[in-house]
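Understanding the architecture of this molecule
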There are 8 protein chains.
Amino acid sequence: MDREGTRRLLRQVRSGKLSVDDALDRLPRGGVAADLGFATLDLHRAERRGFPEVVYGPGKTSDQILKIVDRLHRAGQTVLVTRVGRDVHETVSARHRGAEYHELAHMVTLRTRSRGARARRGIVVISAGTSDIPIAEEAAVTAEIMGNLVERIYDVGVAGLHRLIAHRKILLGARVIVAVAGMEGALPSVVAGLTACPVIGVPTSVGYGAGSGGQAALLGMLNSCASGLTVVNIDNGFGAGYAAAVINRGGRKKGN
Amino acid sequence: MDREGTRRLLRQVRSGKLSVDDALDRLPRGGVAADLGFATLDLHRAERRGFPEVVYGPGKTSDQILKIVDRLHRAGQTVLVTRVGRDVHETVSARHRGAEYHELAHMVTLRTRSRGARARRGIVVISAGTSDIPIAEEAAVTAEIMGNLVERIYDVGVAGLHRLIAHRKILLGARVIVAVAGMEGALPSVVAGLTACPVIGVPTSVGYGAGSGGQAALLGMLNSCASGLTVVNIDNGFGAGYAAAVINRGGRKKGN
Amino acid sequence: MDREGTRRLLRQVRSGKLSVDDALDRLPRGGVAADLGFATLDLHRAERRGFPEVVYGPGKTSDQILKIVDRLHRAGQTVLVTRVGRDVHETVSARHRGAEYHELAHMVTLRTRSRGARARRGIVVISAGTSDIPIAEEAAVTAEIMGNLVERIYDVGVAGLHRLIAHRKILLGARVIVAVAGMEGALPSVVAGLTACPVIGVPTSVGYGAGSGGQAALLGMLNSCASGLTVVNIDNGFGAGYAAAVINRGGRKKGN
Amino acid sequence: MDREGTRRLLRQVRSGKLSVDDALDRLPRGGVAADLGFATLDLHRAERRGFPEVVYGPGKTSDQILKIVDRLHRAGQTVLVTRVGRDVHETVSARHRGAEYHELAHMVTLRTRSRGARARRGIVVISAGTSDIPIAEEAAVTAEIMGNLVERIYDVGVAGLHRLIAHRKILLGARVIVAVAGMEGALPSVVAGLTACPVIGVPTSVGYGAGSGGQAALLGMLNSCASGLTVVNIDNGFGAGYAAAVINRGGRKKGN
Amino acid sequence: MDREGTRRLLRQVRSGKLSVDDALDRLPRGGVAADLGFATLDLHRAERRGFPEVVYGPGKTSDQILKIVDRLHRAGQTVLVTRVGRDVHETVSARHRGAEYHELAHMVTLRTRSRGARARRGIVVISAGTSDIPIAEEAAVTAEIMGNLVERIYDVGVAGLHRLIAHRKILLGARVIVAVAGMEGALPSVVAGLTACPVIGVPTSVGYGAGSGGQAALLGMLNSCASGLTVVNIDNGFGAGYAAAVINRGGRKKGN
Amino acid sequence: MDREGTRRLLRQVRSGKLSVDDALDRLPRGGVAADLGFATLDLHRAERRGFPEVVYGPGKTSDQILKIVDRLHRAGQTVLVTRVGRDVHETVSARHRGAEYHELAHMVTLRTRSRGARARRGIVVISAGTSDIPIAEEAAVTAEIMGNLVERIYDVGVAGLHRLIAHRKILLGARVIVAVAGMEGALPSVVAGLTACPVIGVPTSVGYGAGSGGQAALLGMLNSCASGLTVVNIDNGFGAGYAAAVINRGGRKKGN
Amino acid sequence: MDREGTRRLLRQVRSGKLSVDDALDRLPRGGVAADLGFATLDLHRAERRGFPEVVYGPGKTSDQILKIVDRLHRAGQTVLVTRVGRDVHETVSARHRGAEYHELAHMVTLRTRSRGARARRGIVVISAGTSDIPIAEEAAVTAEIMGNLVERIYDVGVAGLHRLIAHRKILLGARVIVAVAGMEGALPSVVAGLTACPVIGVPTSVGYGAGSGGQAALLGMLNSCASGLTVVNIDNGFGAGYAAAVINRGGRKKGN
Amino acid sequence: MDREGTRRLLRQVRSGKLSVDDALDRLPRGGVAADLGFATLDLHRAERRGFPEVVYGPGKTSDQILKIVDRLHRAGQTVLVTRVGRDVHETVSARHRGAEYHELAHMVTLRTRSRGARARRGIVVISAGTSDIPIAEEAAVTAEIMGNLVERIYDVGVAGLHRLIAHRKILLGARVIVAVAGMEGALPSVVAGLTACPVIGVPTSVGYGAGSGGQAALLGMLNSCASGLTVVNIDNGFGAGYAAAVINRGGRKKGN
């Protein structure tokens, strides 16, 4: 129940249309949730957090995802489904023509009709290796669906620093940078050491042996000697793109 | 060597005042560094990153710290020394009257004279328990020395959610929130679920048994179901405060 | 050998029907066990613990499971087989018409005929996400076969607290709550902070990256700032449901 | 703000004494919290959870603890301070004559005057070794201050099973058992295998080498082959005693 | 080069048939090794350790294994191949009629013709659960091929102690016991607490969640409160059977 | 209650001196235990396991240890106290003149008077480095108090194999070898590769960096390519010495 | 941009052909990089490091690898592709006849035409077991493509030291040794203890149970008691072969 | 026993002065070892490995160290004692005037008199931070005592790359580089990416939180994207200095 709903209820109490005890029972329920049986959609989230609930794909059937997409779309909300294959896109796009599939990012998006706002500039997504691209794309597509223009710089790891430095101009112009790296994960440290804007490190599970699965990269970023680097979980491109978008809108809920 | 210095050097090359080979030798050195023997100060950092090099206290003697402070101060830079005791403050303030000691945060600060700029609003530091306060203070003092006004909300962990919700208004007004928590580290998730601005989670080493030393809190924050939460290392209040200040200045190097 | 058997034996000793040495050899074997070659069934367990031995499915063939079910059923005991697929149910139900399959929980149950007792109220199973439902169902079905009515509340994680609070009435009415959550596992802490009854946390292996496989959720629950939360192993819905049933019968072996 | 407070507020709204907007601002604050600066006491907890907020000692000064005790005692609440030394007791008892120190459990307790209720029977605390006694006592004292009579059985580990079996009668009569063990932590499994009531395992940090610090004991209990065992964190005797007390009152908030 | 070879060489030196320098070059090579290109067989091992080199199957092709078996058999040595499927047995038995396959243990054995010695009594292999049987069989078959009669007691875990105690007579008669257990791995502790002979614990990878893959069982056995328990690696039934056979022959190289 | 006690009880039942119900109550208590309040001594252990209960020193006061020693000595049992300092020896020897202190092993021993039996030969304790000597001595003293003559070979690690090989004769003559090593823990593998008798590896906590605290040594020994090596926990010299003594007596309870 | 390119650019600045500002923009980009969209090739690496960029196969399609090979080959660089199957070789060799496939090492190589230099002697690759051969071959093939003759000694683990010692002459003649071992990883320690040249340890993921996946071998090598052993990551034969080649050329960039 | 000793022995056999059997017993002892009771010195090591046995200080008394130094010095060997305080130096220098103490490196050295050889150039030791200096000094002093001139570059971590690049000339002139870094340990990767000579990474235990104690730095270096980096254990400056010296002498045992 949002602020307006609560206001209405309180007016009903004042007017006597609603008993105190009945109001008492209803009040704690502070939001709007749609119960689909297997899922309780948080339709209030766009209002509260500036972007609707995002659908995490793994462990859900195409059919369940379709039902969730239907419900979110009907509520006029932008839809973002993460970590799904082409098959999910086919199921969704059969009913919703506008649904797009992002091959590298493994995401389905479905925009609302009335998006007139211009995309915001300022986000750069940079990755250390070719194998890190899917996670970098997850970050980039997330930021894009949230209303941003994203610049991409890929495969510029620290084993050849000149490749990174060649892009210094873009980096210095950024308002927030998402730096994606597997193996030893040193790229975000080096990027943060060169720039003044917020840098979000994304460790990826690229690599093998001790520290593989992203452990070395994650620990490296957490221990970065470059002040002010913040980090998301291994392979969490979505989270980094989301945080970048939130930072880039300057703390305001709506991006316009 | 910064852009201006390079421009000067290139002009000298053009004018013939500097030979090509001499320029060749000097060019790769891209900055300004002060060599103290035991430390190589990065005096260029304020220019590059928007804030000077910060002095990490552990493993340095009072005397070494004093020498570093002297050199930074002489260069007209704001000084921040982290994780030091009263003794270090005594050594430093004997020479620099303006040096302040922050008891809870274990920090020494020494501001430059000419700070006319008004402090920026928008940062909230919130902590879960009484034992998390020193780390929360480390974040708050860092953000303050970087030119921010900081609001503090302490001891409002999730075992009594009403204490948190009582402060909802402050949280909704924030432009960036630093959420500090030990034990299961659930506070940042809950805060991020309620607000639209960037939230930085700081796990603390408060707790005992399995997952102690901050492991449970760190892993909890990395696995948060609240989108867009970013994280710093365990007990790294400084890093969180730094990142918050960088986010709060909106990507610009200078805070005006 | 149970208490009655021992009494009989001792009477035989007193009457001289059994020599002291023969009794000596028999006495230490304190129970009733059925040896199937590949398994030694603890038929005494229902007597001793209030519920028969449960069949853990993984690593056993359909044929082995059928033989165990036969033997338990012949002994008049309720049968519960965990973590099995439809194929096991088909094998079992071909001989035992009453065998039920619980799709989501991956369990087969076979009740005894003479169950006149009314199901006990008081157990609530609550889960954080859609992906946690199979483990939640494992807990719920276990509690049901042990004679309880179970209320289910699914997909009400802490990223949208209002969804949880909407169900506060049910939670306050519970005598024992099983709270199931993956990722950061904060749900049981929040639930325990709101209620006065025993809460059992079940971490699930939902999630990815550092702390995945349920580690973050488990450590979070073990470090909960909500007093009195107890925990079972990752994905152990069965154990939580069993413990809830034992707590709900108030310490008495039989549920009447 | 508790239910009564909310009722009053709603009545004021109905009567027009309070405007809708003013009520709107106040409503979300759902409890009663006392702000001491360094701590925000959850005075509502006894109402909500059946027992007041407990004071976790480590990281707090004697003076801070005294202030918290004062405030809780003034609110008519039973006081329990965990993990403190004799010095804290001396500070507290100087002002509160009734404060008791529990040497082995490292706890300070201060009861309210009007406790007429009879202590409840049914809780047994059992420990594997002599070194586990402090943690066992922490559990026992916690359960006692919460209104229970506790039976203790100490140093009966599985290396000599007959010592355990000698106490079978007491175990079979229990309504809930707290089983405390370090090293391999097998005691709770064996106890749960012999009895029908709820068993809470408490791993302790007794031992050395691989798995020391309680890891082996914790993992052993989480992997117990005895169904229905639940576990608390390493050395968390307090949590186990609290859970046992909650289970023993049968889900009711007040134990009478 | 074995002792006899060295003796011959030294005699050649004394008789002048071999120069000192030539002897010098040959002497350090202290054994007999057969180089197959992909493997260097230690044919001297039977002489040195009392049993020939054992063939670890994983990572070797059927063809490679056949070549090794050929070479060992030609050298008159007993052959034991571990962790292989039926296909390897088919390849081997096509050439060596006497090769046997041990289904549960996943082993191929090929005995030498002239085995007149009587099998030694004294080894008991005991396992906690049905799922532990393959590892228990690996231990049993290993001990058997090394010349022992093995008694097996399966599925007698600590959740029903009476099942174990029913076999006390056999346990008390053993000269060495191999105790196999997954999950919490408490069986070896309990067995060692009841008997006076050497007990070798074998943790198995049976179980799930925290401590799975045998970690909980291994740590439990390493931390056993029963003195004198020794342990092998997780699922290493072969190593335990080998050690039991070595212990049972009383330190002598040949068991007669 | 041992076999004789049970026999007497059963005779009393037959003769009618004891009622069936009274016997019923007493029977399950299968041993002899001395309750000291803080400890329940297992006086039956010498009978059952071939050596009395050993006193683990850490976490016990000198006074508690003295009481335990008194009780064991009074029962005519050999006393072994592990991991204690000189102060404990002083307390004990003040009452028991015969108590010895073993400086390097940090052990107190007190023998029974009537030990006529000759010490058994056959145990060798070998250590890799000088820093491993305390743990090696713990093993050696344990084996000695259990009736063995022990040969010691110290500081012969694998970085200089010739030092080890120089002692080959002693190793080949052993009936059981305890091999103690920190750092990479390769010594037991090499020793086991050279000999035919049982080898027990003891990892020590000597070393630093990754794998320190004995982890590298323990994992190395568990993964040994030398068949039949068994292992005890890190720094558990006592356990290795105990196991060696049990193996050396050839499975018989008494060493004569 | 290499030193020569920079010299040219500076000359253009001096001569006035290039403006200062244009030079300014170009200068920071210190190398030569080829952007393929999905990859940014570091064509300057051969100049800088003495060997071209190596193509890590996993996560790249055959088509992507072909494009990279094309580009490197066109630039006149030796091509090394690691961790790929026969299918990649087929794709590459369809266009580049000279491409070779190294079956055991899973590598594709493509040499430049004009390689007249003689291969350098001095590198020995030694492995402990048959299962370690693929990683050993990865090291050997890497060193060969970098211009070395490599001697191989396989399957000579420490369980039979005489096999190793038989090859002492080759080891003593080496200038650098790569020692490959799984399980407890003791081979490099023993080899380093016998020789005076640099030894590089390569732990492999051969083994099972605790410490499997190469952890035990890695930790063992890191804790080696043999001074001067250096280590690469688990299964990183490529890295060890590369380091060996770099060491064997004596610090000079070109091996002639 | 070294080659000469063996030659003598074999000559005695040929001449008949020694019986074959006596020679047989002596031969396997392949070296020269001095038994001090608590230590078995490997006096043959200088001959075999090119540098004498080094004394690891921790866990040895000043008196034990003095005895070892005496014995090594008497044998004409260079002495290096690691990880000791000033007190050890005082004890040693009281007898050996030439003993030096290296304050930062915590080492004592004692050179032999006749050192005429000129120190070799080519080793550079570089460290990331001021706190890494003690470990860097351990490496440098080790390389110096082994006959090298060492260039030191300290406090040039990757947060300010220009500091590192300013020293590029020295790095490019090195024959082997030891790169020391704590925290995220990225320095060795960046250094290896810039140079062609062998680079040895030394992770240090500098840092805090997750990955502290050197874990993050170690894993980062093991996962370096810069080919050919090799690594030693955390804080093992000695091992890195030793390996650098061995590499710098080009594989020859003696450095001339």
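Remember, predicted model here, so these are calculated numbers, not experimental data. (Residues numbered from 1 in each chain as written. Chains lettered and ligands numbered in written order. Predicted model: local features only at pLDDT ≥ 70, side-chain atom pairs only at ≥ 80, totals over all residues. Heavy atoms only, no water.)

Focus: the overall build of chain A
In terms of helices and strands, chain A carries 11 helices and 11 strands. Of all 256 residues assigned to chain A, the portion counted as buried reaches 64%. Relative to all contacts within chain A whose residues are 6 or more apart in sequence, the contacts with residues 24 or more apart total 65%. By element, 47% of the accessible surface of chain A is carried by carbon and sulfur atoms, the whole surface being about 9100 Å². (Helix = DSSP H or I, 4+ residues; strand = E, 2+ residues; numbered from the N terminus. Buried < 20%, exposed > 50% of the residue type's maximum accessible area, 1.4 Å probe, protein only. Contact = heavy atoms within 4.5 Å. Areas by Shrake-Rupley, 256 points an atom, 1.4 Å probe, with all protein chains shown as cover.)

Here we look at the relation of the copies chain A and chain B
Turning chain A through 180° and shifting it by 0.0 Å along the axis lays it on chain B, with an RMSD of 0.1 Å. Here the symmetry operator amounts to a two-fold rotation axis. Of every C-alpha in chain A, the one belonging to Val 231 of chain A sits nearest the axis of rotation, 2.5 Å from it. Counting the interface residues of chain A, we find that 100% of their copies in chain B are interface residues as well, pointing to one common contact surface. (Least-squares fit on C-alpha atoms with pLDDT ≥ 70 in both.)

Focus on the relation of the copies chain F and chain E
Least-squares fitting of chain F to chain E yields an RMSD of 0.1 Å, with the transformation described by 0.0 Å of translation along the axis and a rotation of 180°. Of the interface residues in chain F, 100% have counterparts in chain E that sit at the interface too, so the contact is made through matching surfaces.

Thoughts on the pattern of salt bridges
Any two side chains of opposite charge can pair, on the condition that their charged atoms come close. Taken as a whole, this structure holds 80 salt bridges over all chains when the rule is applied. Each member of the salt-bridge network shares a partner with another, and the members are Asp 42, Arg 45 and Arg 48 of chain A. (Salt bridge = Lys/Arg side-chain N within 4 Å of Asp/Glu carboxyl O.)

Some details on the sheet that holds strand β5 (residues 100–102) of chain F
Strand pairing in a sheet relies on backbone hydrogen bonds. The paired strands run either parallel or antiparallel. Residue and element names in this part refer to chain F. Pairing is mixed across the open sheet formed by four strands, whose spatial order is β3-β4-β6-β5. Every interior strand has two partners, whereas the edge strands, β3 (55–56) and β5, have only one. Across two bridges, β3 lies against strand β4 (residues 79–82) in parallel orientation. Bridge assignment links Val 55 to a residue of β4, and that residue is Val 81. (Pairing = 2+ DSSP bridges.)

Some details on the interface of chain F and chain E
The interface is formed by 33 residues belonging to chain F together with 33 residues belonging to chain E. For the pairing of chain F and chain E, the buried interface totals around 2700 Å² over both sides, and the portion due to carbon and sulfur atoms is 54%. Interface area lost by chain F to chain E is led by Arg 49, Ala 196 and Leu 222 of chain F, which between them contribute 23%. Linking chain F with chain E are zero salt bridges, by the criterion used here. Counting across the interface, chain F meets chain E through 17 residue pairs in polar contact (both at pLDDT 80 or more). Listing elements by their share of the side of chain F that touches chain E, those giving two or more residues are α3 (45–49), α9 (187–194), α10 (215–222), β11 (230–231) and α11 (237–248) of chain F. (Buried area = accessible area lost by both parts, 1.4 Å probe. Polar contact = N/O pair within 3.5 Å; in protein donor to acceptor, adjacent residues only side chain to side chain.)

A word on the pairing of strand β4 (residues 79–82) of chain E
All names here are of chain E. With burial as the criterion, each face of β4 is covered, one bearing Val 79 and Val 81 and the other bearing Leu 80 and Thr 82. In this view, the connection linking strand β3 (residues 55–56) to its parallel neighbour β4 by way of helix α4 (residues 62–74) has right-handed handedness. Alignment of β4 against strand β6 (residues 107–110), held across three bridges, turns out to be antiparallel. Each bridged residue has a counterpart across the sheet, and for Val 81 the counterpart in β6 is Val 108. (Right-handed = clockwise from strand over helix to strand, strands pointing away.)

Section: the interface of chain A and chain B
Each partner contributes residues to the interface: chain A has 33 residues there, and chain B has 33 residues. Both sides of the chain A and chain B interface together cover about 2700 Å² of buried area, and 54% of this is carbon and sulfur. When the area that chain A buries against chain B is broken down by residue, the three leading residues are Arg 49, Ala 196 and Leu 222 of chain A, summing to 23%. Across the chain A-chain B interface, the total number found is zero salt bridges. Linking chain A with chain B are 17 residue pairs in polar contact (both at pLDDT 80 or more). If you list the elements that add at least two residues to the side of chain A that touches chain B, you get α3 (45–49), α9 (187–194), α10 (215–222), β11 (230–231) and α11 (237–248) of chain A. In terms of residue count, the dominant contributor to the side of chain A that touches chain B is α11 of chain A (six residues).

Brief notes about helix α6 (residues 133–145) of chain C
Residues and elements named next belong to chain C. The end-to-end C-alpha separation of α6 is 18 Å, in line with the 18 Å expected for 13 residues at 1.5 Å each. Restricting attention to buried positions, one finds in α6 the residues Ile 133, Ile 135, Ala 136, Glu 137, Glu 138, Ala 139, Ala 140, Val 141, Thr 142, Ala 143 and Ile 145. In the stretch just after α6, Gly 147 is the one whose phi turns positive, near 100°. (Expected span 1.5 Å × (residues − 1).)

With respect to the packing of aromatic side chains
Under the definition given, this model contains 24 aromatic pairs over all chains. Seen in terms of ring centroids, Phe 51 of chain E and Tyr 242 of chain E are 6.1 Å apart; in terms of plane orientation they differ by 85°. Their pairing is edge-to-face. Here Tyr 242 of chain E lies in helix α11 (residues 237–248) and Phe 51 of chain E lies in the loop between α3 (45–49) and β3, a separation of 191 residues in the sequence. Comparing Phe 51 of chain E with Tyr 242 of chain E, the two get one shared label, buried. Ring geometry for Phe 238 of chain G and Tyr 242 of chain G: centres 5.9 Å apart, planes at 65°, overall edge-to-face. Separated by four residues within a single helix, Phe 238 of chain G and Tyr 242 of chain G lie in helix α11 (residues 237–248), roughly one turn from each other. Comparing Phe 238 of chain G with Tyr 242 of chain G, the two get one shared label, buried. An aromatic cluster is present here, built from Phe 51, Phe 238 and Tyr 242 of chain A joined pairwise through their rings. When the ring centre of Tyr 208 of chain H is taken as origin, the NZ or CZ atom of Arg 83 of chain B, which lies over that ring, is 4.0 Å away. (Phe/Tyr/Trp six-rings, centres within 6.5 Å; stacked < 30°, edge-to-face > 60°. Lys NZ or Arg CZ within 6 Å of the ring centre and 35° of its normal.)

Remarks on the sheet that holds strand β5 (residues 100–102) of chain E
Residue and element names in this part refer to chain E. If you walk across this open sheet you meet the four strands as β3-β4-β6-β5, and the pairing is mixed. Each edge of the open sheet is held by one strand with a lone partner, namely β3 and β5. Contacts from α4 reach β3, β4 and β6 within the one sheet, and its direction differs from that of β4 by about 160°. (Axes fitted to C-alpha atoms, helices over the stretch in contact; angles between N-to-C directions.)

Concerning the packing of helix α10 (residues 215–222) of chain D against helix α10 (residues 215–222) of chain E
For the pair α10 of chain D and α10 of chain E, the least separation of the axes is 8 Å and the interaxial angle reads 130°. Classified by the angle their axes make, α10 of chain D and α10 of chain E are oblique. With respect to the hand of their crossing, α10 of chain D and α10 of chain E are arranged in left-handed fashion. Contact with α10 of chain D, carried on its side by Ala 216, Leu 219 and Gly 220 of chain D, involves Ala 216, Leu 219 and Gly 220 of chain E of α10 of chain E and no other residues of that element. Tallied by class, residues from the contact of α10 of chain D with α10 of chain E come to four nonpolar, two polar and no charged. (Parallel < 35°, antiparallel > 145°, perpendicular 65-115°, else oblique. Left-handed = near helix turned anticlockwise from the far one by under 90°. Nonpolar A, V, L, I, M, F, W, Y, C, P; charged D, E, K, R; others polar.)

Details of the side chain of Thr 78 of chain G
Residue placement: Thr 78 of chain G occurs in the loop between α4 (62–74) and β4 (79–82). Those residues within four positions of Thr 78 of chain G in sequence are excluded, and the remaining contacts are Phe 51, Pro 52, Leu 110, Arg 111, Thr 112 and Ile 145 of chain G.

Some details on the confidence of the model for chain A
Per-residue confidence for chain A averages 87 on the pLDDT scale, and 89% of its residues sit at or above 70. Scoring the predicted complex yields pTM 0.88 and, for the interface, ipTM 0.85. (pLDDT = per-residue confidence, 0-100.)

Section: helix α9 (residues 187–194) of chain E
Each full turn of the α-helix corresponds to 3.6 residues, which orients residues three or four apart in the same direction. Most of α9 of chain E is tucked away, with eight of its eight residues classed as buried. Inspection of α9 of chain E places Leu 187, Pro 188, Ser 189, Val 190, Val 191, Ala 192, Gly 193 and Leu 194 of chain E among the buried residues, and these make up the whole buried set.

Regarding the side chain of Thr 195 of chain B
Mapped onto the elements, Thr 195 of chain B comes out in the loop between α9 (187–194) and β10 (199–203). On the accessibility criterion, Thr 195 of chain B (2% relative accessible area) is buried. The residues contacting Thr 195 of chain B, other than those within four sequence positions of it, are Arg 48 and Arg 49 of chain A together with Leu 171, Leu 172 and Ile 177 of chain B.

Details of unusual backbone geometry
Residues and elements named next belong to chain C. Residues other than glycine seldom take positive phi values, yet Arg 83 does so here, at roughly 55°. Summarising the element assignment, Arg 83 is placed in the loop between β4 (79–82) and α5 (86–95). With a relative accessible area of 24%, Arg 83 lands in the partly exposed category.

Section: the environment of Gly 129 of chain G
Residue and element names in this part refer to chain G. Take Gly 129: it is sitting in the loop between β7 (120–127) and α6 (133–145). Owing to a relative accessible area of 16%, Gly 129 belongs among the buried residues under this scheme. In this structure the C-alpha to C-alpha distance between Gly 129 and Val 206, which are 77 residues apart in sequence, comes to 9.0 Å.

A word on the pairing of strand β10 (residues 199–203) of chain D
Where a strand is regular, its side chains alternate between the two sheet faces. All names here are of chain D. Of all five residues in β10, five are buried, a share of seventy percent or more. In this sheet, β10 lies alongside strand β9 (residues 176–181) in parallel orientation, the contact comprising five bridges. Across the sheet, the residue bridging to Ile 177 is Val 199, located in β10. Judged from the two bridges that link them, β10 and strand β11 (residues 230–231) form a sheet pairing that is parallel. Counted as the bridge partner of Gly 201 is Val 231 from β11. In terms of handedness, the path from β10 via α10 over to β11 forms a crossover that is right-handed.

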